[in-house]
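Analysis of the macromolecular model
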Amino acid sequence: SQQGEEDPQALSIQEGENATMNCSYKTSINNLQWYRQNSGRGLVHLILIRSNEREKHSGRLRVTLDTSKKSSSLLITASRAADTASYFCATDLVGAGNNRKLIWGLGTSLAVNP
Amino acid sequence: DTEVTQTPKHLVMGMTNKKSLKCEQHMGHRAMYWYKQKAKKPPELMFVYSYEKLSINESVPSRFSPECPNSSLLNLHLHALQPEDSALYLCASSQGLGTSGAKNIQYFGAGTRLSVL
């Protein structure tokens, strides 16, 4: 079963605005990743944050991780129409051993209007 | 080269057909994955291969049969599918299944859009 929950489920903003989406999870993790998926296409890895990190930046992306609240946020600054996509968080569970796998959030659908 | 190639891009099959989906990567990755994704849902893990051995089978019906002929190739054989199996099938690869963060980053193909009639 999916342990991640994301909110909002859908977000619509104007070009140039910032977009923030959140992800919550239930168990201890090694790291948390964010992926983007354009409509009907494969997922693209955006950023990985380790459990001992609190914040990470990559270009216009800023990710925070609060392990005490078991939550993460993805901020996209100065959004562009090309940022229109679904965004998923994925967590890597502690103790999964050789059968480790990513646990996926339900996703946030972002629409950036020109 | 960070590309995972999936063929075909689209597939329409009847419930009595046998078909195969193919996936190829040349990044030297030792873990490969099959996912099924329905519209507006997250990907659902089906199978994981690690060093060409089946590592995880998420209780997938036997009408789906994975095969990993070598470290670069992953197939998914389909037989007697049901209309509810229509979905986007995604292949992914990663360096391995280790604890290092970078090893867990998955690289996805563009997917095969499957329609079962």
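The present account deals with the structure reproduced in this document. Keep in mind the model is a prediction, meaning the values are calculated, not measured.

Residue and element names in this part refer to chain A. Reading across the sheet, the five strands line up as S1-S3-S8-S7-S6 and stay open at both edges, with antiparallel pairing between neighbours. Of all strands in the sheet, those bounded by a partner on one side alone are strand S1 (5–7) and strand S6 (55–58). Going across the sheet, the axis of each strand differs from the next one's by a mean of 15 degrees, ignoring polarity. As judged from the four bridges shared by S6 and strand S7 (residues 61–66), these two strands associate in the antiparallel manner.

Attention shifts here to the interface of chain A and chain B. On the chain B side, the residues contacting the 23 residues of chain A number 24 residues. Across the chain A/chain B interface, buried area totals approximately 1800 Å², and carbon plus sulfur atoms make up 55% of it. Across the chain A-chain B interface, the total number found is one salt bridge. Where Lys101(A) meets Glu58(B), a salt bridge forms, and the shortest distance between an N and an O atom there is 2.8 Å. Where chain A meets chain B, there are six residue pairs in polar contact (both at pLDDT 80 or more). At the level of elements, strand S4 (29–37), strand S5 (43–50), strand S9 (85–93) and strand S10 (102–104) of chain A are the ones that each hand at least two residues to the side of chain A that touches chain B. For the side of chain A that touches chain B, the class distribution of residues is seven nonpolar, eleven polar and five charged.

It is worth spelling out the pattern of salt bridges at this point. Residues and elements named next belong to chain A. Counted according to the given criterion, the structure contains six salt bridges over all chains. The closest approach of N and O atoms between lysine 56 and glutamate 53, which form a salt bridge, is 4.0 Å. A residue is classified by how much of its surface remains accessible, and lysine 56, at 28% relative accessible area, is partly exposed.

Right, let's talk about the state of the cysteines for a bit. Counted according to the given criterion, the structure contains two disulfides over all chains. Here Cys23(A) engages in a disulfide with Cys89(A); their sulfurs sit 2.0 Å apart. Taking the torsion about the sulfur-sulfur bond, which here is approximately 70 degrees, the covalent link between Cys23(A) and Cys89(A) counts as right-handed. With Cys23(A) in strand S3 (residues 19–24) and Cys89(A) in strand S9, this pair connects stretches of sequence that are 66 residues apart. Judged by relative accessible area, which is 1%, Cys23(A) ranks as buried. Residue classification places Cys89(A) among the buried positions, given a relative accessible area of 1%. For Cys23(B), the disulfide goes to Cys91(B), at an S-S distance of 1.8 Å. Because the torsion about its S-S bond is -70 degrees, the bridge between Cys23(B) and Cys91(B) counts as left-handed. Note that Cys23(B) is positioned in strand S3 (residues 18–25) and Cys91(B) in strand S9 (residues 87–94), a separation of 68 residues in sequence.

Next up on the list: the pairing of S7(A). All names here are of chain A. Here S6 folds back onto S7 in antiparallel fashion, the turn holding two residues, of which glycine 59 has a positive phi close to 60 degrees. The pairing of S7 with strand S8 (residues 71–76) spans six bridges and is antiparallel. Following the sheet pairing, leucine 61 is matched in S8 by isoleucine 76. Hairpin geometry of S7 and S8 is characterised by an intervening segment of four residues between the two adjacent antiparallel strands and by a positive phi of about 50 degrees at lysine 70.

For the rest of this paragraph, the subject is the nonpolar core. In a soluble, globular protein the nonpolar side chains are often hidden away together inside. Ranked by size, the top nonpolar core spans 23 residues in total, and within it Trp34(B), Phe64(B), Leu76(B) and Leu78(B) carry the most contacts. Where this core is concerned, the elements lending two or more residues are strand S2 (10–13), S3, strand S4 (31–37), strand S5 (44–50), strand S7 (64–70), strand S8 (73–79), S9 and strand S11 (112–116) of chain B. With sequence-adjacent residues up to four places away left out, Phe64(B) is seen in contact with Met46(B), Phe47(B), Leu76(B), His77(B), Leu78(B), Leu81(B), Asp85(B) and Tyr89(B). Formed by 21 residues, the second largest nonpolar core is a distinct cluster that contains Met21(A), Tyr25(A), Leu61(A) and Leu74(A).

Each value, and the rule that gives it
Residues numbered from 1 in each chain as written. Chains lettered and ligands numbered in written order. Predicted model: local features only at pLDDT ≥ 70, side-chain atom pairs only at ≥ 80, totals over all residues. Heavy atoms only, no water. Pairing = 2+ DSSP bridges. Helix = DSSP H or I, 4+ residues; strand = E, 2+ residues; numbered from the N terminus. Axes fitted to C-alpha atoms, helices over the stretch in contact; angles between N-to-C directions. Contact = heavy atoms within 4.5 Å. Buried area = accessible area lost by both parts, 1.4 Å probe. Salt bridge = Lys/Arg side-chain N within 4 Å of Asp/Glu carboxyl O. Polar contact = N/O pair within 3.5 Å; in protein donor to acceptor, adjacent residues only side chain to side chain. Nonpolar A, V, L, I, M, F, W, Y, C, P; charged D, E, K, R; others polar. Buried < 20%, exposed > 50% of the residue type's maximum accessible area, 1.4 Å probe, protein only. Disulfide = S-S within 2.5 Å. Core = buried A, V, L, I, M, F, W, Y, C linked by side-chain atoms within 4.5 Å.

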